[in-house]
There are 2 protein chains.
Amino acid sequence: MGTVKNNTSKTGLRITLDFNNLMAESAQGEGLTERELSGTAERARQILQEMQERRAQGQLPFMDLPYQRGMVKEIKEYARTVQGKYTDLVILGIGGSALGGITLHHALHPPFYNLLPPGERKGCPRIFFAENIDPDGFHGLLDILEVRTTLFHVISKSGETAETMAQFLIVKDLLVKKLGKKRSRENLLITTDAASGWLRQICRSEGLADFTVPQGVGGRFSVFTPVGLLPAALTGIDCEGLLSGARFMDGLCKRDDVWKNPAALLAAALYLLDVRRGKRMVVMMPYCDALKDLAYWFRQLWAESLGKKDEVGPTPINALGVTDQHSQLQLYMEGPLDKVIIFIAVKQYQKTLPIPRAYPGLEGLRYLGGHTLNELIAAERMATEYSLTKNRRVNCTVTLPELNAFTLGQLLYLLETATVFAGSLYQVNPFDQPGVEEGKKLTYGIMGRKGYGVKKREIKEGGRKFKKYII
Amino acid sequence: MGTVKNNTSKTGLRITLDFNNLMAESAQGEGLTERELSGTAERARQILQEMQERRAQGQLPFMDLPYQRGMVKEIKEYARTVQGKYTDLVILGIGGSALGGITLHHALHPPFYNLLPPGERKGCPRIFFAENIDPDGFHGLLDILEVRTTLFHVISKSGETAETMAQFLIVKDLLVKKLGKKRSRENLLITTDAASGWLRQICRSEGLADFTVPQGVGGRFSVFTPVGLLPAALTGIDCEGLLSGARFMDGLCKRDDVWKNPAALLAAALYLLDVRRGKRMVVMMPYCDALKDLAYWFRQLWAESLGKKDEVGPTPINALGVTDQHSQLQLYMEGPLDKVIIFIAVKQYQKTLPIPRAYPGLEGLRYLGGHTLNELIAAERMATEYSLTKNRRVNCTVTLPELNAFTLGQLLYLLETATVFAGSLYQVNPFDQPGVEEGKKLTYGIMGRKGYGVKKREIKEGGRKFKKYII
């Protein structure tokens, strides 16, 4: 396993977790006491120990992804060979096959990336994530593409995700019609399991370009595999920086002392606040447009990993600062004491935007002039944090010194590790999702897949409605 | 007050509410009994009566907006005079000043509207909602605009919203630099209170084009005012259709019989499920890309109207079908029994997308061929609805026969009316938001606004942190 070089130069780019406002000193009775947190410290040390053992036995492969330098090399090599070849990149994938890529795209590309002139994208294609099967949405996407110069990256670990396979069939047919059978292959790229599944079979028999989802890595833990990294590399994102950040965080998350280990601390505090203080909702609220989708990625990670049988599981909620101060804050401030807020702050934005001095006679505008938009967003975050705390609404803040591949890599790895840690505290398996299998079988039944006739009958009979309850 | 003409021809476009799965017959003990719902019928009738009285006294002006034909005429007239003049339309506004317009835009424009060639937008400008003050986001937006041909629509009811005023100052300065003081006025359009506020003063002294937020209509109830309708009209959306749909729904929401009144029924059921069954979260999950932002609009409406002092208030959550089946469904299916799901279904999409038959030898793909994407999304919604219900997860479905201005108008009006109805049940004032005032004052303090020095000192002293709680 590798180590991080140049640790000292990177220390200035370390993200921090400020959990003052999760504690009773700030949030009074709604916060945790040091004693409570220390009480879980022993359990936390055990979990850390178990995690290290499982990891050594290869049972937590997602934790070692940041050290797969060969994988990144392959990805970059592929990206180099196709550079300049495509105008558009479309990812066909849903859930964990899309959310990691979407997060990297929005976090690390300039805003309005797809609207930039090609020159400002440095020869990289526009990028679209087709993560739904709405006929109007998918039709609309195909309409605006130049299909002949579009690379379709099909992602499905199982190789049989109904939504992605349906999209693939539509796109394949379209490509063959436009380019002919042989040439159409150049517009397809597959990422799926190394050996099993329908998509792997197709890949082999048709000789399509392909990458592999590593064994034992599920969709929501796949951002540091070709699932997340290929779309990133194809649009010029610094994949090495991401992995370097993740490795750096790995070092912090191995610390024995729970009070110094951000993953253990975050997981333990959120768990305790749920089971002892009834904070069953976790709001993630970045003060940064580029991290809006991070909250969606986290939402899948936290919900699907921890929401399990027998009615266990906190509910993650996505929000955006300052925007949602004008939408959700009233509820957070005065409503039920059932939420923890995780603020994500960015210390140094890329741009500084001065607010010009004007209207000296108008008191309600004058105070703004001479400041920057940067100061305003920081002031609002501080004001929100402070007034929530004063109202005994627990919250914590993760601060990124700046947003780049290295700091984002840290943040993603921190949240993944905290999730697995929380899984042990909640005593659930964070890597399965048995609750959604039934819906898939019912869908197969309705669509007439062989062997699912019984499901079709079940929904036909069980799904009956009373007319009086439809108005 | 007007009446809806051609009721009969429109009946086929009436949206429906299917609440079977909120009831005990479907969802067992987690659902409501007829007796419970009937028990609130008497209270509901009183509330209906009170609402009609308050409305007659002009205390619920949002309810009469759909009848303001003069307002729509003015809006359309303005839109006509500027047609073809601008390449881009930017709305400077936040919260209720943005969410209505965003909802209409995404619901009624083609997907990827801003990426369409100008010809396909029928001479209408691209549209952008600047609803945050992230310096990188706002800078990025200004970068991609042709500022000289951009209309900036500044929306703030109070005329002193800090975020919007800061954006306005930046844009104003930029316009004056590019176009000169006089010509810059043609690129500004103001919507604010009729008489009061700093923005109204500026409007008057500089002779800017302007519209009015009607008296007594707050941001989250303003979609049927120039706040929502101007951006819509300027981009070619059918405003009359919207209002006609709202009027049609008004008729249904006046019905005395709670069992036939969709607003009363929805509000009563969600209220009872919260207070008697612990369903404190309301998930809105449209199976339609174009309605993704409707869930954001609803989220403000429900949270800010009902989340009030003394820890009252349900938490609304946005989701998207089928996408979130691969992200949130595991939690909804097996996690705590603390949620109600409102599905939004669209019966007839604009496009039909066939899934080609292919790979007859591959069982995991073959069943899809010959169907349409439309059938697949419908099957998944049904399967999800059925499996949630089987697991005693209460849910209801609002079905739009198709998505257009008339049906969307119905849906928006239904949700607004249900919210006010729910306000009476929760015994809160749905029109205020006192909890966010403190944060605004603290922001003023930090930014040095006159008269708020005490707030600056308060946050400086009260916001102290322990270093040991920052890792």
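Residues numbered from 1 in each chain as written. Chains lettered and ligands numbered in written order. Predicted model: local features only at pLDDT ≥ 70, side-chain atom pairs only at ≥ 80, totals over all residues.

## With respect to the environment of A:Asn20
So, step 1. Along the chain, A:Asn20 falls in the loop between strand E1 (16-18) and helix H2 (24-27).
So, step 2. Each C-alpha atom of the pair A:Asn20 and A:Glu206 lies 57 Å from the other, and the pair is 186 residues apart in sequence.
So, step 3. The contacts of A:Asn20, once residues within four sequence positions are left out, are A:Ser26, B:Lys465, B:Phe466 and B:Tyr469. (Helix = DSSP H or I, 4+ residues; strand = E, 2+ residues; numbered from the N terminus. Contact = placed C-beta atoms within 7 Å.)

## Some thoughts on the relation of the copies chain A and chain B
So, step 1. Rotating chain A by 180° about the axis while translating it 0.0 Å along that axis superimposes it on chain B, leaving an RMSD of 0.0 Å. The symmetry that links the two subunits is that of a two-fold axis.
So, step 2. When the interface residues of chain A are mapped onto chain B, 100% of them are again interface residues, pointing to one common binding face. (Least-squares fit on C-alpha atoms with pLDDT ≥ 70 in both.)

## Some thoughts on the interface of chain A and chain B
So, step 1. Between chain A and chain B, the contact holds 124 residues from the first and 124 residues from the second.
So, step 2. Counting residues per element, the side of chain A that touches chain B draws most heavily on helix H15 (residues 373-390) of chain A, at 12 residues.
So, step 3. Counted by class, the side of chain A that touches chain B contains 61 nonpolar, 36 polar and 27 charged residues. (Nonpolar A, V, L, I, M, F, W, Y, C, P; charged D, E, K, R; others polar.)

## Regarding the pairing of strand E2 (residues 88-92) of chain B
All names here are of chain B.
So, step 1. Of all five residues that make up E2, four are buried, and the element is covered over most of its length.
So, step 2. One ladder, built from five bridges, connects E2 with strand E3 (residues 126-130); its direction is parallel. When the sheet's bridge partners are listed, Leu 89 is paired in E3 with Ile 127.
So, step 3. Each parallel crossover has a hand, and for E2 linked through helix H5 (residues 99-108) to E3 it is right-handed. (Buried ≥ 20, exposed ≤ 12 C-beta atoms within 10 Å, placed from the backbone. Pairing = 2+ DSSP bridges. Right-handed = clockwise from strand over helix to strand, strands pointing away.)

## Observations regarding the sheet that holds strand E7 (residues 281-286) of chain A
Residue and element names in this part refer to chain A.
So, step 1. Strand order across the open sheet formed by five strands is E1-E10-E9-E7-E8, with mixed pairing between neighbours. The open sheet terminates on both sides in strands that have one partner only, identified here as E1 and strand E8 (315-318). Here the strands of the sheet are splayed against their neighbours by 20° on average, with no regard to which way each runs.
So, step 2. The pairing of E1 with strand E10 (residues 395-402) spans three bridges and is antiparallel. Each residue of the ladder has a partner; that of Thr 16, found in E10, is Thr 399.
So, step 3. Contacts from helix H12 (residues 292-306) reach E7 and E8 within the one sheet, and its direction differs from that of E8 by about 170°. (Axes fitted to C-alpha atoms, helices over the stretch in contact; angles between N-to-C directions.)

## Quick notes on the sheet that holds strand E6 (residues 209-213) of chain A
Residue and element names in this part refer to chain A.
So, step 1. Spatially, five strands are ordered E3-E2-E4-E5-E6 in an open sheet, and the strand pairing comes out parallel. A strand with exactly one partner marks an edge of an open sheet, and here the two such strands are strand E3 (126-130) and E6. Along the sheet, successive strands turn relative to each other by an average axial angle of 20°, direction set aside.
So, step 2. Along the sheet, helix H8 (residues 198-206) contacts strand E4 (150-155), strand E5 (188-193) and E6; its crossing angle with E5, the most-contacted strand, is approximately 135°.

## Looking at the domain arrangement of chain A
So, step 1. Each domain of chain A was delimited in the assignment, giving domain 1 (7-56 + 242-426), domain 2 (63-239) and domain 3 (437-469).
So, step 2. Averaged C-alpha coordinates put domain 1 of chain A and domain 3 of chain A at centres separated by 41 Å. (Domains from an automatic or database assignment.)

## Notes on unusual backbone geometry
So, step 1. Cis geometry marks the peptide bond from A:Gly321 to A:Val322, where omega comes out at -5°.
So, step 2. For A:Val322, the location among the structural elements is in the loop between E8 and helix H13 (329-334).
So, step 3. Phi is positive for B:Gln28, close to 50°, though the residue is something other than glycine.
So, step 4. With respect to the secondary-structure elements, B:Gln28 resides in the loop between helix H2 (24-27) and helix H3 (34-56).
So, step 5. Accessibility expressed as a C-beta count within 10 Å gives 12 for B:Gln28, which makes it exposed.
So, step 6. Even without being a glycine, B:Asp310 presents a positive backbone phi close to 65°.
So, step 7. Position of B:Asp310 among the secondary structure elements: in the loop between helix H12 (292-306) and strand E8 (315-318).
So, step 8. Classification of B:Asp310 as exposed rests on a count of 9 C-beta atoms within 10 Å.

## A word on the pairing of strand E9 (residues 339-348) of chain B
Residues and elements named next belong to chain B.
So, step 1. Within E9, eight of the 10 residues are buried, which leaves the element mostly enclosed by the surrounding structure.
So, step 2. In terms of strand pairing, E9 meets strand E10 (residues 395-402) through seven bridges, oriented parallel. Considered in E10, the bridge of Phe 343 is made with Thr 397.

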